[in-house]
Amino acid sequence: MRVAQWLSHKGCACPDNRDFGGVLLRPGFEFAMVVDAAQRGPHGADLAKAWVCGLLDALGQKTKVSPNQVEAEMRRCHGQMRHDFLAERASYAALLLHSSGDAWAMVCGDCRVGTLLGDQVEWVTPVHTLANPWGQAFVRSHADLPARHTLTQCWNARRFNPPQVVALNVQGAALCLATDGYWLEHQWLGIAQPALQDDASCLVLGAGQDMRGFGPGGDNFVLRTCAAPDATMPRFTGSKS
């Protein structure tokens, strides 16, 4: 599997794009992540970048990683970062893919992971909002409720909320990780890119995929490869809209 496309668009109602994505490619496993920081708090974009890059740095030093180890690194990174981002909140979705084909999604908030067949995405992870407060499946009718903007789980400085882990059966399918501006506003509500209110980003993993209607992301995405302990970790280049 390879990184096919990172798509990111600043929302009309947002002063800056607070989404951030990243991928770590290691012999034996791959790790991908998207973060959607809330507009509240002055340093949301910095939080999103620090959360992704901190985890990629930590996991890049390992040769084998389990979902429990990812959660342990998340907890450790949270403890190191929390005092720098006291007013910030964020949702995130992560994907751990072993070379054996085993895969796990890890989500907290309203970012999601899905499988992509052609141009159709099936979102396979839960959503943590007050629109579905008991953990029931998030359905189209929930998208119209004001309560869906209030998260029941998220990154916050007060306490570490562990992500919900979902084992995946990918069977060679391409995979998507997306913020709610993409999967909910753009896909479910059918809002065209220029009119999107929220930041919208989607990371597609897999060859030959074309997410029509979005241009490439750029300085809010990082791709790191670790073929050896001292391998360089190049940054994805491009532009975000």
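Our structure is the block above this text.
Residues numbered from 1 in each chain as written. Predicted model: local features only at pLDDT ≥ 70, side-chain atom pairs only at ≥ 80, totals over all residues. Heavy atoms only, no water.

**Considerations on the pairing of strand β5 (residues 103-108)**
- Burial within β5 is extensive, with six of its six residues counted as buried.
- Side chains Ala103, Ala105 and Val107 of β5 all project onto a buried face; the interleaved residues Trp104, Met106 and Cys108 project onto the opposite face, where all are buried too.
- With six bridges connecting them, strand β4 (residues 89-98) and β5 associate as antiparallel partners. Bridging across to β5, Ala93 finds its partner in Val107.
- A loop of four residues connects β4 with β5, the two strands running antiparallel in sequence, and Gly101 in this loop sits at a positive phi of about 105°.
- Two strands pair when backbone bridges link them, and β5 and strand β9 (residues 164-168) are joined in this way by five bridges, in the antiparallel orientation. Within β9, the residue paired with Met106 across the bridge is Val165. (Buried < 20%, exposed > 50% of the residue type's maximum accessible area, 1.4 Å probe, protein only. Helix = DSSP H or I, 4+ residues; strand = E, 2+ residues; numbered from the N terminus. Pairing = 2+ DSSP bridges.)

**As for the packing of helix α1 (residues 44-59) against helix α2 (residues 67-81)**
- Put simply, α1 and α2 touch, their axes get as near as 10 Å, and they point 130° apart. Put simply, α1 runs oblique to α2. α2 is crossed by α1, and the crossing has right-handed handedness. Contacts from Leu47, Ala50, Trp51, Gly54, Leu55, Ala58 and Leu59 of α1 reach α2 at Val70, Glu73, Met74, Arg76, Cys77, His78 and Met81.
- Taken together, the residues of the contact of α1 with α2 break down into ten nonpolar, two polar and two charged. (Axes fitted to C-alpha atoms, helices over the stretch in contact; angles between N-to-C directions. Parallel < 35°, antiparallel > 145°, perpendicular 65-115°, else oblique. Left-handed = near helix turned anticlockwise from the far one by under 90°. Contact = heavy atoms within 4.5 Å. Nonpolar A, V, L, I, M, F, W, Y, C, P; charged D, E, K, R; others polar.)

**Brief notes about the state of the cysteines**
- Under the definition given, this model contains zero disulfides.
- For Cys14, which is in no disulfide, the shortest distance to another cysteine sulfur is to Cys12 and amounts to 8.6 Å.
- Here Cys108 is not disulfide-linked; the sulfur of Cys154 is the nearest cysteine sulfur, at 6.3 Å.
- We classify Cys108 as buried; its relative accessible area is 0%. (Disulfide = S-S within 2.5 Å.)

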